[in-house]
2 protein chains.
Amino acid sequence: MPELIRPDTLKGFRDVPPGPALAREEMIAAAKAVFRDFGFAPIETPALEYAEVLLGKGGEESDRQTFRFTDQGGRDVAMRFDLTVPFARFAAKHHPQIGLPFRRYQVGTVWRGERPQKGRYREFTQCDFDTIGIDSVAADAETLLVIDALLRRLGVEKFSVRLNSRGLLNGLLANLGLEGRAAATLRVLDKLAKAGREAVLRELTDDVVGSADVAEQVLAIAEIAGPAGEVLPLLAEKAGDEPRAAAAIGRLSEIVDVATAAGVSPARMCLDASIARGLDYYTGVIYETFLDDLPSIGSVCSGGRYDDLAGLFTKQPLPGVGASLGLDRLLAAWEELGRTFEKATPADVLMTVFDDARLADYAAAANRLRGAGIAVEVFPDGRGLGKQLKYANAKKFTLAVVAGPDELAAGRWAVKTLETGDQADVADADLVAAVRERLDRRRPGA
Amino acid sequence: MPELIRPDTLKGFRDVPPGPALAREEMIAAAKAVFRDFGFAPIETPALEYAEVLLGKGGEESDRQTFRFTDQGGRDVAMRFDLTVPFARFAAKHHPQIGLPFRRYQVGTVWRGERPQKGRYREFTQCDFDTIGIDSVAADAETLLVIDALLRRLGVEKFSVRLNSRGLLNGLLANLGLEGRAAATLRVLDKLAKAGREAVLRELTDDVVGSADVAEQVLAIAEIAGPAGEVLPLLAEKAGDEPRAAAAIGRLSEIVDVATAAGVSPARMCLDASIARGLDYYTGVIYETFLDDLPSIGSVCSGGRYDDLAGLFTKQPLPGVGASLGLDRLLAAWEELGRTFEKATPADVLMTVFDDARLADYAAAANRLRGAGIAVEVFPDGRGLGKQLKYANAKKFTLAVVAGPDELAAGRWAVKTLETGDQADVADADLVAAVRERLDRRRPGA
């Protein structure tokens, strides 16, 4: 007999067992439903592409994080590390047929050979949505509507979307004589939470600004962060006539007004001129989304507006706006907040099999329940009822349906609520209604 | 300006644009709903595994079809070429925690470096479902129920499931003194459709059987194929006391009886002792599924019972039964049968934007429709109405909703049915009801 092969996954990769896999599938289905509600259409692109497409010409730098190899045909290929670059290639190739503006969503696996850390894997899922071919307030505001709808559909009620815009900080800093020093400033402001006000003020003074008074004014801008309706007028005062800041404030106000009219809570839209992330990539509005109960996990949905998606592939300018839902991060947050994924079956009902010879009866009853929209697992043989009920409890079924030869002969079923042990004896004709009633009864508290 | 990169996909790979991507997503969602209805739970496994796990020890042979490389950490890795081997590894690793019996489904991308052909790609999707840890009629019959439910949920009404069993042909051939010649016999029988009866009879006589009389009897067995209820008694006569054939016929009869009781049409279950595919892998019942309108495309859902899933990884015997839905093949069949995927948006309604200054009104009305479960795309700016309606027609929206400044001031909307040009003028308070009514009216003929 040959030696056994160890059933291991690669470092940084993982299996997803039924409990968490069910939660992931439900989240993805919910996200897709929201994207579709807003008219975003799915696309698919290959997992494997020419390395040049993903990394650019001479893109050796990002190599160490990219799974890159020579294929059977001698091609230099790589596994996608995000969905943005493949979408840029897709847009460059297909926009003449597909037409603009174009709204797409894409849910897909990406791979990065990063050093594995807690909650970070070398294989993970991205959920992106973008509107390209247009630069409009409508598309910017809609991105905010989609983020709001996504989080709510996923059952998150306590969250805020932090907004910023590339022009805003640049313009405000220019007013303080700090033209072109946004990047250095942001690097220091980013330490505010960890290092504290004093340390940041000192570092700003010494390393970036050169004056304690100006450093204090910079910090004051960062500290204005808050609900957009309150903060935008204060920032407008500081912006004065500075054209970039004034334009950014005007646009942000329009976005917030449209989103408010469409039902996004004003308290949820926070303006924060010191958001750093993505400022080197995005050219307009920027979105980050934080959970009130766990802000430390970072943004769970981030994005922004860009001038040109696909400049590497086409001369056709493709401006756009979009964001990406951090599915794995949101799941990690839920686990950290104590949510468990114990239910290891998508079915609510286990049809036990008491008597193998009457399999046809059990199968027929199960299919009647399915016909009424109730998911039912039939235990796959007639081993001891005790074992079957133990199995039902372990997998967190809600109900078990039981009938021995006597009950079958009499046309009766026992419907057992597993959590309470409560058991009802019902006639065959009432089985569907009885199961439905017990499942409905349980739902509000589920 | 740097030279542009050509936005090409790799040979054998492809982009999926919105129309077909919508169809694929709907199929996958429908398949998952069926799997869940029967209590199959999802799992996920990595796209990338140790090459030894996927190919076995010294598995150089299958290499040319496998995308295999050395990763950044010097590991010999490969991209999965099916979902069966990863499931075997998963089962070996996790069955003590997950418990047996275990029903899983898995929908995932797999990669094979095959020579690309019409309708065959190097990247495709598999939809597998299996019940492991048990050898029972119940699990065999359920596989048939799931196949039946899958096809019907996918909108296929005209199909048949062909059944066979490893023991059946072996036993029947043994009765004719052809012990151990099943493989050679099947190779010749497989040519029946193409080469015709005479040629097959001659080749059977000359190359396999050695006697025209026995060859005629072999052919007669193959020709018995038909509805299981009619065919099984005829095969039982030929089987006589041969133990393998008799056992196979007994088991097949039970499977068909249970499936019939649970609502599978008896006409749909066809017995065919000459099904060749998978006979070297499967040890019990075998399933193949053919479309009545396009049998030439091959089986769209195939599977069977196996003795031991994970013998390479564990000494724990893991018998099981399962099948795999050929998603890409089914889509190819639909295209061949003339179905088109023209609808390039998941939304039914386009909310046109007549006046950019009133964006908040359009966005708010759209969100009211969404709240009623109607997917709505808001055109992302106020360019000419004619352009917006052209866009709506190109993407195959059902309705367009229009209002200029006068209508908005009067609280009125025009609801336009795009196919007919028919237009209704409705009050703001009636908008949701009017849209709903027009969408419902169209549905039966959609």
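Residues numbered from 1 in each chain as written. Chains lettered and ligands numbered in written order. Predicted model: local features only at pLDDT ≥ 70, side-chain atom pairs only at ≥ 80, totals over all residues. Heavy atoms only, no water.

Draft legend 1. Spotlight on the overall build of chain A. From N to C terminus, chain A includes 16 helices and 17 strands. The principal-axis extents of the C-alpha atoms in chain A amount to approximately 90 × 55 × 45 Å. Split into buried and exposed, the 446 residues of chain A put 57% on the buried side. Put simply, of all contacts in chain A between residues at least 6 apart along the chain, 67% involve residues at least 24 apart. Of the roughly 18,300 Å² of accessible surface on chain A, 49% is carried by carbon and sulfur atoms. (Helix = DSSP H or I, 4+ residues; strand = E, 2+ residues; numbered from the N terminus. Buried < 20%, exposed > 50% of the residue type's maximum accessible area, 1.4 Å probe, protein only. Contact = heavy atoms within 4.5 Å. Areas by Shrake-Rupley, 256 points an atom, 1.4 Å probe, with all protein chains shown as cover.)

Draft legend 2. Main features of the layout of surface pockets. Residue and element names in this part refer to chain B. Reported here for the second largest pocket is a volume of approximately 1,600 Å³. Taken together, 49 residues line the second largest pocket, and the ones lying closest to its centre are Arg120, Phe124, Gln126, Gly326 and Arg329. Taken together, the elements giving at least two residues each to the lining of the second largest pocket come down to helix 1 (18-37), strand 6 (123-132), strand 10 (285-291), strand 11 (301-306), strand 12 (320-325) and helix 12 (327-336). Broken down by element, the residue count for the lining of the second largest pocket peaks at 7 residues, all from helix 12. For the lining of the second largest pocket, the residue count by class is 18 nonpolar, 14 polar and 17 charged. (1 Å grid on protein atoms, 1.4 Å probe; cavity = no way out; pocket = protein on both sides within 12 Å on 5 of 7 lines; lining within 4 Å. Points joined across faces, edges and corners; volume = space filled by probe spheres on them. Nonpolar A, V, L, I, M, F, W, Y, C, P; charged D, E, K, R; others polar.)

Draft legend 3. The arrangement of unusual backbone geometry in detail. Residue and element names in this part refer to chain A. For the bond from leucine 100 to proline 101, the omega torsion is -5 degrees, close enough to zero to count as cis. When you line up the elements, proline 101 lands in the loop between helix 3 (84-98) and strand 5 (102-111). If you check the backbone angles, lysine 396 has positive phi at about 65 degrees while not being a glycine. Structurally, lysine 396 is set in the loop between helix 14 (385-394) and strand 15 (399-402).

Draft legend 4. Focus on helix 11 (residues 243-261) of chain A. All names here are of chain A. For helix 11, built from 19 residues, the straight-helix expectation of 27 Å at 1.5 Å per residue is met to within 8% by its first-to-last C-alpha distance of 27 Å. Along helix 11, the residues that are buried comprise Ala245, Ala248, Ile249, Leu252, Ile255, Val256, Val258 and Ala259. Between the side-chain oxygen at the start of helix 11 and the backbone nitrogen of arginine 244 there is a gap of 2.9 Å, and the oxygen is on glutamate 242. Once helix 11 ends, the next one or two residues include glycine 263, with phi positive near 105 degrees. (Expected span 1.5 Å × (residues − 1). Polar contact = N/O pair within 3.5 Å; in protein donor to acceptor, adjacent residues only side chain to side chain.)

Draft legend 5. Summary view of the sheet that holds strand 10 of chain B. Residue and element names in this part refer to chain B. The 9 strands lie next to each other as 1-5-6-12-11-10-7-9-8, forming an open sheet whose pairing is mixed. Among the strands making up the open sheet, the edge pair consists of strand 1 (41-42) and strand 8 (226-227). Across the sheet, helix 11 (residues 243-261) touches strand 7 (159-165), strand 9 (269-271), strand 10 and strand 11, and the angle it forms with strand 7 is around 150 degrees. (Pairing = 2+ DSSP bridges. Axes fitted to C-alpha atoms, helices over the stretch in contact; angles between N-to-C directions.)

Draft legend 6. Spotlight on the relation of the copies chain A and chain B. The transform that puts chain A on chain B rotates by 180 degrees and translates by 0.0 Å along the axis, for an RMSD of 0.1 Å. In the structure described here, the two chain copies are related by an operation that fits a two-fold rotation axis. By C-alpha distance to the rotation axis, the residue of chain A lying nearest is A:Phe69, at 3.2 Å. Counting the interface residues of chain A, we find that 100% of their copies in chain B are interface residues as well, pointing to one common contact surface. (Least-squares fit on C-alpha atoms with pLDDT ≥ 70 in both.)

Draft legend 7. Structural context of the sheet that holds strand 12 (residues 320-325) of chain A. All names here are of chain A. Pairing is mixed in the open sheet, where 9 strands are placed in the order 1-5-6-12-11-10-7-9-8. With one partner strand each, in any of the chains shown, strand 1 (41-42) and strand 8 (226-227) form the two edges of the open sheet. Where strand 6 (residues 123-132) meets strand 12, 6 bridges bridge the pair, whose relative direction is antiparallel. Across the sheet, the residue bridging to aspartate 128 is serine 324, located in strand 12.

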